[in-house]
Amino acid sequence: MSQHKSINQLQNGETATIVGYLSDEIPIKIYEMGLLPGVTLTKKQQLPFNGPVYLRIQDNPNAIALRKSEADLILIESIL
Amino acid sequence: MTEIKIALVGNPNVGKSTVFNRLTGLRQKVGNYPGITVEKKTGSFTHQQTRYHVIDLPGAYGIHPSSLDEEIVYDVLVDQTNPNHPELVVVIGDPFNIKRAVFLYQQIREMGLPAIFVVNMMDEAERSGTSIDVSKLENVLSTKVVLTDARSGKGIDQLKDALAFKPNGYAPSFVIPEEFTAATQYIREHTGQRNEYIAWLYLSQKQNKHLNNNQVEEITTARQTHGLNYHRLQIREALARHASLENQLTGVIKDPAKKKQYATERADHVLTHPVWGYVIFFALLLLIFQAIYTWSGPFMDAIDNAFAWLASSAGEWLPAGPINGLITDGIIAGIGGIVIFIPQIAILFIFISLMEESGYMSRVVYLMDRWLRPFGLSGKSAVPLMSGAACAIPAVMSARTIENDKERLITILVTPFMTCSARLPIYIVIIGLVIPSEKILGLDLQGLVLFGMYALGIVAALGSAWVLKQLMKSKYKSYLILELPTYKYPVVRNVLLNVWDKTKGFVWGAGKIILAISIILWVLGSFGVDERFTNAEDVVRSEKPGISETDFENEVQSQKLEYSFLGTMGRFIEPVIEPLGYDWKMGIGLISSFAAREVFVSTMATVYSLGGTDDELTIRERMAAEINPNTGKPAYNFASGISLLLFYAFAMQCMSTIAIVRKETNSWKWTFIQLAFMTGFAYIAALVAYQLLK
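Residues numbered from 1 in each chain as written. Chains lettered and ligands numbered in written order. Predicted model: local features only at pLDDT ≥ 70, side-chain atom pairs only at ≥ 80, totals over all residues. Heavy atoms only, no water.

What to know about the confidence of the model for chain A
Working step 1: Per-residue confidence for chain A gives a mean pLDDT of 86; residues scoring 70 or more make up 95%.
Working step 2: Mean pLDDT values for the elements of chain A range from 85 in helix 1 (residues 28-32) of chain A up to 92 in strand 5 (residues 63-66) of chain A. (pLDDT = per-residue confidence, 0-100. Helix = DSSP H or I, 4+ residues; strand = E, 2+ residues; numbered from the N terminus.)

This is the structure:
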């Protein structure tokens, strides 16, 4: 899995699909909110000084914000 | 008439409260769950000969809680002996996140509870071209599905009809994996729980508060024997459910082929922009505080005049004497001192509810997270800190949405430093007495000092948060996983109901304290056992033989006060507060305002009127004329005034806050540390200020 990027490595506007997680110890809320393997998301922006990232999930009008530390745990594969 | 208890359950941001308000209208009340302060909203209505008692449970993503308010959902639903345990659950979802809502629905059905399913916000779905195959969804869920748009009221009648539906024939969609069946079997045998999914929940929940010690021990045993980690079980379940939901829900939701850009996305491009987002947020804060001070002006003047009229007519109508003083200066002035803050509190809560209703509050959390983290707080602490500018009590309660224990505790501990409305009457009176009414660079000096007091509150809150962060260890990793819902026009009805609840709670709570304190003070100030109290006339005659008749009256009155029970208490603490520049009369104010800060001004009014014979003066005139017997200077001079301002800025002078902190932290230790830290810090700050300035 180590060759996979995490959400943090996405550029603004880049779209990717979740492929897995870096660790088992991630909050249950990540699963419950639907950040699951196979889900396609787009990173819209990030706040300065390593602030939280703003993500859009495909087909969902609601957005999701994650801290850098959570974004690091979610592995993705870029869609070109 | 049959009576049925129903519970509304749903993910956050699906308009659950709007459905609740539609169903129950004004027949609702806000209370607390026994033992905890999570707000409980209940209401009732009658439909087709059936009386429905509705409880609005806090929003949750699943049955496994990540924060305190989510714990309620599990506690109420799993425990059949819980007084709020429903006979029917209404699960509410929104059309864009059906999967998440079905996830929660299936967990509830598998706990053995009958449930129906509501898809709310259908108007928003139709506008974006999304539609739902209701009969297909009904098949998947084995229940009645109702489409609603609670904002416009569409579908609410159908929902009421559907409450009579008796769901049955549900087949569990989550099959306990084989490697865990031995453990669930053990739980079923040793805790008496017959439902296998609930047995699984016993194992996968961090806490099972409703179970007795034996049962909890059996669960620990089962976990140890089978090497189970509750967190892993939760993840197993979440992944398994999502995998099967993917197939089950195929074809239920029809999305339009062409994706339109959502208005929310465009709005967020500016509102959460790394630069403009902050500019807009701070401009909004400025607007809110401007509004609190300018819009409330006419209302506050009107209230002030009304109470002044009430006090003076009561003063004329009642015979002169101490009872007159109790009613006019103590009770009427005291209650007036609370009522006058209704406009400010209502305006603040109007803004806060508008921000919550519109979805902007989540953006505030997103924007502030990075800046609050260095202080050991989370973006979610922004909401309690902002509400703290009105009143620490609802503010401390709103900290329950913070998932991380340490961040939540720090937020609760520092929120009372924020300048709440109860500090305002003291600030305004003292600033009016000791700060000259001048202009500096075109700005009103008194206004600048008041602004400075607000800034001081924020600095104290963040500074002590930083100190606490260094001292405390957290068991859990802190995280932020935040949903940013689409922007919506606020529902006026929801905003008004919220403002009404919050304002009523504040006025009622504080009003009761003021009334009680005024009466206690009056009693303590009117009685005494000391010789100099019971025999005041003779003592004065023998000590000052040549005294004139008016002076004699005054002398007797003030000596009586000094040696009454109240005066004895004030003189008892005088050695402690003398270095701060206060006399024993102000000591009485400090003691009584321990109940609530705003009591200080009305206490001083009662004390000064008890000690004098002249009933014509206003509170402020009395305070300005008062001489500190120790220094011979005015009691409220520049040095003692600044000292008082600092004392009230930092000291934990509010019993209601102490009570709510005790409840919310469930710890006497932290409550006591907070009390000692705040009051100790206040004492030192006031001491240093007075000694430097005198």
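Describing the nonpolar core
Nonpolar side chains in soluble globular proteins generally cluster together in the buried interior.
Working step 1: In terms of nonpolar packing, the biggest core is built from 109 residues, with B:Val364, B:Tyr582, B:Phe600, B:Tyr636, B:Leu644 and B:Phe647 touching the most fellow members.
Working step 2: Among the elements that line this core, the one with the most residues is helix 21 (residues 445-471) of chain B, at 9 residues.
Working step 3: Those residues in contact with B:Tyr582 that sit more than four places away from it in its chain are B:Ile577, B:Leu590, B:Asn628, B:Asn630, B:Ser640, B:Ser643, B:Leu644, B:Phe647 and B:Ala686.
Working step 4: Of all hydrophobic cores here, the second largest spans 82 residues; its members include A:Leu10, A:Ile18, B:Ala115 and B:Val252. (Core = buried A, V, L, I, M, F, W, Y, C linked by side-chain atoms within 4.5 Å. Buried < 20%, exposed > 50% of the residue type's maximum accessible area, 1.4 Å probe, protein only. Contact = heavy atoms within 4.5 Å.)

Overview of helix 30 (residues 638-650) of chain B
Residues and elements named next belong to chain B.
Working step 1: The first and last C-alpha atoms of helix 30 sit 19 Å apart over 13 residues, in line with the 18 Å expected at 1.5 Å per residue.
Working step 2: Of all 13 residues that make up helix 30, 12 are buried, and the element is covered over most of its length.
Working step 3: Listed in full, the buried residues belonging to helix 30 are Ala639, Ser640, Gly641, Ile642, Ser643, Leu644, Leu645, Leu646, Phe647, Tyr648, Ala649 and Phe650.
Working step 4: Put simply, Asn637 is the residue that caps the front of helix 30, since its side-chain oxygen is 3.1 Å from the backbone nitrogen of Ala639. (Expected span 1.5 Å × (residues − 1). Polar contact = N/O pair within 3.5 Å; in protein donor to acceptor, adjacent residues only side chain to side chain.)

Overview of a negative patch on the surface
Residue and element names in this part refer to chain B.
Working step 1: Taken together, the side chains of Asp530, Glu531, Glu537, Asp538, Glu549 and Glu553 present a region of like negative charge at the surface.
Working step 2: Those elements giving two or more residues to the negative patch turn out to be helix 24 (536-543) and helix 25 (549-562).
Working step 3: In this structure, Glu537 sits in helix 24.
Working step 4: Glu537 gets classed as partly exposed once you look at its relative accessible area, which sits at 36%. (Patch = residues over 30% accessible without salt bridge, like charges linked within 9 Å, V, L, I, M, F, W, Y side chains within 5 Å. Areas by Shrake-Rupley, 256 points an atom, 1.4 Å probe, with all protein chains shown as cover. Salt bridge = Lys/Arg side-chain N within 4 Å of Asp/Glu carboxyl O. Lys, Arg positive; Asp, Glu negative; His and termini not counted. Charge placed at Lys NZ, Arg CZ, Asp CG, Glu CD.)

Some thoughts on the UniProt feature "domain: Ferrous iron transporter FeoA-like" (unreviewed entry) in chain A
Working step 1: According to UniProt, the "domain: Ferrous iron transporter FeoA-like" (unreviewed entry) feature falls on residues 5-78 of chain A.
Working step 2: Secondary structure content for residues 5-78 of chain A is 12% helix and 41% strand, and the end C-alpha separation is 8 Å. (UniProt positions renumbered as here; feature names shortened; annotations may be inferred.)

Considerations on helix 24 of chain B
Residue and element names in this part refer to chain B.
Working step 1: Looking at helix 24, one finds that the buried residues are Ala536, Val539 and Val540. What you see down the axis of helix 24 is that its buried residues fit within an arc of 95°, all on one side.
Working step 2: Contacts from the buried residues of helix 24 go to helix 23 (531-534) and helix 25. (Arc of directions from axis to C-beta.)

Concerning the pairing of strand 6 (residues 115-119) of chain B
Residue and element names in this part refer to chain B.
Working step 1: With respect to burial, strand 6 is a largely interior element, 5 of its 5 residues being buried.
Working step 2: Going residue by residue along strand 6, you find Ala115, Phe117 and Val119 tucked away on one face and Ile116 and Val118 tucked away on the opposite face as well.
Working step 3: In this structure, strand 5 (residues 88-93) lies alongside strand 6, joined through 5 bridges in parallel fashion. Looking at strand 6, one finds that Ile92 is bridged to Val118. (Pairing = 2+ DSSP bridges.)

Some remarks on the UniProt feature "transmembrane region" (unreviewed entry) in chain B
All names here are of chain B.
Working step 1: With numbering matched to this structure, UniProt assigns "transmembrane region" (unreviewed entry) to residues 275-295, 331-355, 375-397, 409-435, 447-468, 506-525, 638-660 and 672-693.
Working step 2: As annotated, residues 638-660 comprises 83% helix and 0% strand, and the C-alpha atoms at either end are separated by 35 Å.
Working step 3: Its end C-alpha atoms 31 Å apart, residues 672-693 is made of 100% helix and 0% strand.

Some words on the environment of B:Pro629
All names here are of chain B.
Working step 1: Within the fold, Pro629 resides in the loop between helix 29 (619-625) and helix 30.
Working step 2: Residue classification places Pro629 among the exposed positions, given a relative accessible area of 55%.
Working step 3: For the pair formed by Pro629 and Phe572, sequence separation is 57 residues and the distance between their alpha carbons is 15 Å.
Working step 4: Setting aside residues no more than four positions away along its own chain, Pro629 makes contact with Asp583 and Trp584.

Side note on the pairing of strand 5 of chain B
All names here are of chain B.
Working step 1: Most of strand 5 sits inside the fold, with 6 of its 6 residues counted as buried.
Working step 2: Of the two faces of strand 5, both are covered, the one formed by Leu88, Val90 and Ile92 as well as the one formed by Val89, Val91 and Gly93.
Working step 3: Of the pairings in the sheet, the one linking strand 1 (residues 2-10) to strand 5 comprises 5 bridges and is parallel in character. Looking across to strand 5, one finds that Val9 is bridged to Val91.
Working step 4: What joins strand 5 to strand 6 is helix 3 (residues 98-110), and the crossover it makes is right-handed. (Right-handed = clockwise from strand over helix to strand, strands pointing away.)

Section: the interface of chain B and chain A
Working step 1: Between chain B and chain A, the residue contacts involve 52 residues of the former and 35 residues of the latter.
Working step 2: Here chain B and chain A share an interface that buries about 3900 Å² over both sides, 56% of which is from carbon and sulfur atoms.
Working step 3: A:Arg67 is the salt-bridge partner of B:Glu407, the closest N and O atoms lying 3.5 Å from each other.
Working step 4: Viewed at the interface, chain A and chain B are joined by 17 residue pairs in polar contact (both at pLDDT 80 or more).
Working step 5: Mapped onto the side of chain B that touches chain A, the elements with two or more residues apiece are helix 3, helix 10 (230-248), helix 11 (263-271), helix 16 (360-372) and strand 12 (481-484) of chain B.
Working step 6: Looking at the side of chain B that touches chain A, the element that brings in the most residues is helix 10 of chain B, giving 7 residues.
Working step 7: Looking at the side of chain B that touches chain A, its residues break down into 20 nonpolar, 15 polar and 17 charged.
Working step 8: Pairing analysis gives 4 bridges linking strand 5 of chain A to strand 12 of chain B, with the strands arranged antiparallel. When the sheet's bridge partners are listed, A:Ala65 is paired in strand 12 of chain B with B:Leu482. (Buried area = accessible area lost by both parts, 1.4 Å probe. Nonpolar A, V, L, I, M, F, W, Y, C, P; charged D, E, K, R; others polar.)

Here we look at the domain arrangement of chain B
All names here are of chain B.
Working step 1: With domains assigned, chain B is organised as domain 1 (2-162) and domain 2 (178-254).
Working step 2: When each unit is reduced to the centre of its C-alpha atoms, the spacing between domain 1 and domain 2 is 23 Å.
Working step 3: Opposite the 26 residues of domain 1 that make contact, domain 2 presents 25 residues.
Working step 4: Between domain 1 and domain 2, roughly 2400 Å² of surface is buried when both sides are summed, and carbon and sulfur atoms account for 57% of that area.
Working step 5: The largest share of the area that domain 1 buries against domain 2 comes from His64, Tyr74 and Lys99, three residues that together contribute 26% of it.
Working step 6: Taken together, domain 1 and domain 2 are joined by 4 salt bridges.
Working step 7: For Glu110, the salt bridge goes to Arg241, with nearest N and O atoms at 2.8 Å.
Working step 8: If you look at where domain 1 meets domain 2, you find 11 residue pairs in polar contact (both at pLDDT 80 or more). (Domains from an automatic or database assignment.)

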